[in-house]
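Remarks on the overall topology
One letter stands for each residue in the lines below.
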Amino acid sequence: MTAARFAVAALLAGAAGWAFHRVFDARALVLVVAVAATVPVLVAALLRSRPLWLALLAGLPLWCAGAALAVYGTVAPAVLARIPADLANSWQALLGTLLPAPAEPRLLILVYTLVWLAAVTGAELVGRSRTRAAPALPAIIVFGIAVLLGVGGTGSNLPVAAVLLALTALLSLLGDRLPALWLAAGVPAVGALAALAMLAGPLLPLAREPYDPRADAVPPQPVRFDAVSPLDRISAWLRRPETELFTVRSRTPLNWRLAVLDRYDGVRWTSSARFVPTGGRVPPGSAPARRTTWSRPSPSRRCATAGCPRPSGPPGSAA
């Protein structure tokens, strides 16, 4: 039964990590979550007869190696040196990025670390304590973090919540002293409990109006460069109308507001809008009547929330 409980602990951590599918593209999570959910459980299972400090110490270099390979794709010393700084800044960067967030290592390192912590804590509780459901608590906490960071993303985490609930119940059934008949009777009850969670989830008050932490997060300030005012370049652009700045195709004529310069200090025009990283794309709008294609990327990776162009078709690209 102990081996089965270790396996359930790994599945719990993996399910909690999969809840980040509303934050990142699901394809970017497969390797990251798989490595973070299985490696620490294997270490805890192999070293459960050793002191706890030795098991945690043995897992530290494996965490670094797994992060370098699964998240960054290389074990270069420069990459290992930047992991702590990326991890410290990842949560703030995610709160200031439009969803889905780009699958960049500086952001995925947060998912990898949270899943690793859930896996190692749950596995150590399985191997070193007699509690039945407590090893599921770290995975539930990580799931809650993923739900908060994924508010506004596509997809649903109700199936993930049902799987977590079912695995928690299964972990409670896998006791060393429980008869096999009790386990056989409990498995259908676990399935019914998961189905009930799927049905009752949308009825919860928090499911209708979830709290979005991005509403209170302070987005990173854009880097300002001192340059000639765009207004001073209009005359030069008009003298060479063949110069192509960018191309927009639309079914109907319309004005595209790229930026609003609403502040003037006597020398420069600037904008008071809030800027958030777009992840390399322009978010789609809600009007169904137009379909717009960007044939040339915009030179900026940031877009003002008040002045962003809102194409109605598939998202265009912004370099």
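Here is what the cut-offs are and how they apply
Residues numbered from 1 in each chain as written. Predicted model: local features only at pLDDT ≥ 70, side-chain atom pairs only at ≥ 80, totals over all residues. Heavy atoms only, no water. Helix = DSSP H or I, 4+ residues; strand = E, 2+ residues; numbered from the N terminus. Buried < 20%, exposed > 50% of the residue type's maximum accessible area, 1.4 Å probe, protein only. Contact = heavy atoms within 4.5 Å. Areas by Shrake-Rupley, 256 points an atom, 1.4 Å probe, with all protein chains shown as cover. Axes fitted to C-alpha atoms, helices over the stretch in contact; angles between N-to-C directions. Parallel < 35°, antiparallel > 145°, perpendicular 65-115°, else oblique. Left-handed = near helix turned anticlockwise from the far one by under 90°. Nonpolar A, V, L, I, M, F, W, Y, C, P; charged D, E, K, R; others polar. Salt bridge = Lys/Arg side-chain N within 4 Å of Asp/Glu carboxyl O. Core = buried A, V, L, I, M, F, W, Y, C linked by side-chain atoms within 4.5 Å. pLDDT = per-residue confidence, 0-100. Phe/Tyr/Trp six-rings, centres within 6.5 Å; stacked < 30°, edge-to-face > 60°. Expected span 1.5 Å × (residues − 1). Arc of directions from axis to C-beta. Patch = residues over 30% accessible without salt bridge, like charges linked within 9 Å, V, L, I, M, F, W, Y side chains within 5 Å.

A few words now on the overall build of the protein. Along its length, the protein carries 10 helices and eight strands. The proportion of buried residues among the 319 residues of the protein is 38%. Here the analysis covers contacts within the protein between residues at least 6 apart in sequence; of these, 74% occur between residues at least 24 apart. Carbon and sulfur atoms make up 66% of the accessible area of the protein, which totals about 18,400 Å².

In a packed pair of helices, the relevant descriptors are the angle between the two axes and the axis-to-axis distance. Relative to each other, helix α1 (residues 2–18) and helix α7 (residues 158–173) sit at 165°, their axes nearing to 10 Å. The orientation of α1 with respect to α7, classified from their angle, is roughly antiparallel. For α1 against α7, the interelement crossing comes out left-handed. Residue-level inspection shows Arg5, Val8, Leu11, Leu12, Ala15, Ala16 and Trp18 of α1 in contact with α7, the latter providing Val160, Val163, Leu164, Leu167, Thr168, Leu170 and Leu171. Taken together, the residues that form the contact of α1 with α7 break down as 12 nonpolar, one polar and one charged.

Moving on: the pattern of salt bridges. On inspection of all chains with the given rule, the structure shows four salt bridges. Of the charged contacts, one joins Arg82 and Asp86 as a salt bridge, the two residues approaching to 3.0 Å between their closest N and O atoms. Of the two residues, Arg82 and Asp86 both sit in helix α4 (residues 77–95), four residues apart, roughly one turn of that helix. For Asp86, a relative accessible area of 13% corresponds to the buried category.

Let us look at the nonpolar core. Counting 59 residues, the largest nonpolar core has Leu12, Phe20, Val23, Phe24, Leu94 and Tyr112 as the members making the most contacts within it. Counting residues per element, the ones that place at least two in this core are α1, α2 (26–46), α3 (52–72), α4, α5 (105–128), α6 (137–149) and α7. Take this core: its biggest share by element is 14 residues, from α5.

Averaged over every residue, the pLDDT of the protein is 76; the share at 70 or more is 69%. pLDDT under 50 marks residues 286–319. Its contacts with residues more than four places away, or in other chains, come to 96 contacts.

Right, let's get into the packing of aromatic side chains. Within a pair of aromatic rings, the relevant descriptors are the distance that separates the centres and the angle that separates the planes. With the rule as written, the count across this model stands at two aromatic pairs. Here Trp63 and Tyr112 contribute two aromatic rings whose centre-to-centre distance is 6.3 Å and whose plane-to-plane angle is 40°, an arrangement assigned as tilted. Of this pair, Trp63 sits in helix α3 while Tyr112 is found in helix α5, placing the two residues 49 residues apart along the sequence. Tyr112 sits in the buried class, given a relative accessible area of 0%.

Here the focus is α6. The end-to-end C-alpha distance of α6, which contains 13 residues, comes to 19 Å, matching closely the 18 Å that a straight helix rising 1.5 Å per residue would cover. Taken as a whole, α6 has its buried residues at Pro138, Ala139, Val142, Phe143, Ala146 and Leu149. Considered in projection along α6, the buried side chains sweep an arc of 140° and stay on one side of the axis. In this structure, the buried side of α6 is in contact with α1, α4, α5 and α7.

Relative to the assigned elements, Leu80 resides in helix α4. In this structure, the C-alpha to C-alpha distance between Leu80 and Cys64, residues 16 residues apart in sequence, is 7.3 Å. In this view, Leu80 contacts Cys64, Ala68 and Val75; residues no more than four positions away in its chain are not counted.

Locating Ala134 in the fold gives a position in the loop between α5 and α6. A sequence separation of 13 residues divides Ala134 from Thr121, and the C-alpha atoms of the two residues are 9.9 Å apart.

A cluster of nonpolar residues, Leu137, Ile140, Ile141 and Ile145, forms a patch on the protein surface that exposes about 340 Å² of accessible area. Inspection of the secondary structure puts Ile145 in helix α6.

Packing of α1 against α5 brings their axes to within 9 Å, and their N-to-C directions diverge by 160°. With respect to α5, the element α1 is oriented roughly antiparallel. With respect to the hand of their crossing, α1 and α5 are arranged in right-handed fashion. Seen from α1, the contacting residues are Thr2, Arg5, Phe6, Ala9, Ala13 and Gly17; seen from α5, they are Val111, Val115, Ala118, Ala119, Gly122, Ala123, Val126 and Gly127. For the contact of α1 with α5, the residue count by class is nine nonpolar, four polar and one charged.

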